[in-house]
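# Observations on the three-dimensional arrangement
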Amino acid sequence: MARKIVFASGKGGVGKTTLTVAVGKALTERGEKVLLVDFDDLRGIDLLVGASEAVVYDWGDVLLGRCSVEEAIYKADGLSVMSCPRKYGEATPKKVRELIGSLDKRFDYILFDSPAGIGRGMQLAAAAADKGVLVATPDYVCVRGAFTAADELAECGVGEVRMIINRAVKKAIRQKKMLNIDAVIDSTAVQLLGIVPEDPYLRFGAMGVSVYKKGQASYNAIKNIAKRLCGENVQLSFT
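The sections below set out a description of the structure shown in this document.

Parameters at a glance
Residues numbered from 1 in each chain as written. Predicted model: local features only at pLDDT ≥ 70, side-chain atom pairs only at ≥ 80, totals over all residues. Heavy atoms only, no water. Salt bridge = Lys/Arg side-chain N within 4 Å of Asp/Glu carboxyl O. Helix = DSSP H or I, 4+ residues; strand = E, 2+ residues; numbered from the N terminus. Buried < 20%, exposed > 50% of the residue type's maximum accessible area, 1.4 Å probe, protein only. Phe/Tyr/Trp six-rings, centres within 6.5 Å; stacked < 30°, edge-to-face > 60°. Pairing = 2+ DSSP bridges.

## Some points on the pattern of salt bridges
Scanning the model with the defined rule gives ten salt bridges in all. As a salt-bridge pair, Lys-16 and Asp-40 come within 4.0 Å of each other at their nearest N and O atoms. With Lys-16 in helix H1 (residues 16-29) and Asp-40 in the loop between strand E2 (34-38) and helix H2 (45-48), the pair connects residues that are 24 residues apart, well separated along the chain. For the pair shown, Lys-16 and Asp-40 are each scored as buried.

See the structure below:
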């Protein structure tokens, strides 16, 4: 059965969608079969994998019977992807669970990109997830949002929630311009999965550039996050 993980954030602009794609890529590098399912109605995943022109159907079309699930899944950059409809329509958590359940045996990992915040899109994304990954940057606003999002994931029945601190800058943390790592963990009460350093390269993803590439500042951090998701004991440090 696939391991199903929802990526969430309390607010926008923290790099959640970028990390969803990058972690998916890191998992495929390990030989895992990965499906990305976009639940963010801003629909960023197809852009980040460079396949926006290939999208014909989305998971909303599957629920409405307009196409088969196979027709809604397309391959891009080594990943399988299902796009989000422009409107959630008549989608329900039960229908989402049934759809994802039909794909359980075809993939090793199914990653859900939820929209920022705690609205309907997040609830649909969390409906079929076993685990949650919160993405936050080390500042007070994002940390408060992450705390709220963690509560919402628990309300949705997501059993295990971990956190990625993204866009961390060592110098800014030392100068107290960003929260230190312990402060973020204490404020959210969520166990840490990884720390990703600020990497300007990741901003090029929307232009079709790979968001996971050897030589980037974020490469090793994302690779280690994938290892931890696969159950490896990898030391976590950011000094």
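## With respect to the packing of aromatic side chains
All chains considered together, the criterion is met by four aromatic pairs. On the basis of an interplanar angle of 35° and a centroid distance of 4.8 Å, the ring pair of Phe-39 and Trp-59 is categorised as tilted. Here the residue Phe-39 occupies a position in the loop between E2 and H2, and Trp-59 occupies one in helix H3 (residues 59-63), the gap between them amounting to 20 residues. Each member of the pair, Phe-39 together with Trp-59, is buried. Taken together, a centroid distance of 6.5 Å and an interplanar angle of 15° make the contact between Trp-59 and Tyr-88 stacked. Here the residue Trp-59 occupies a position in helix H3, and Tyr-88 occupies one in the loop between strand E4 (79-82) and helix H5 (93-101), the gap between them amounting to 29 residues. With respect to class, Trp-59 is no different from Tyr-88; both count as buried. Linked through ring pairs, Phe-39, Trp-59, Tyr-88 and Phe-112 together constitute an aromatic cluster.

## With respect to unusual backbone geometry
You will see that Asp-77, though not glycine, has its phi angle at about 55°, which is positive. One can find Asp-77 in the loop between strand E3 (73-76) and E4. In this structure Asp-77 comes out as partly exposed when scored by relative accessible area, which is 33%.

## Regarding the pairing of strand E1 (residues 3-8)
Of all the six residues making up E1, five are buried; the element is thus mostly covered by neighbouring parts of the structure. Two strands pair when backbone bridges link them, and E1 and strand E5 (residues 109-113) are joined in this way by five bridges, in the parallel orientation. In the strand pairing of E5, Arg-3 is matched with Tyr-109. Here E1 runs beside strand E6 (residues 131-136); their pairing, made up of four bridges, is parallel.

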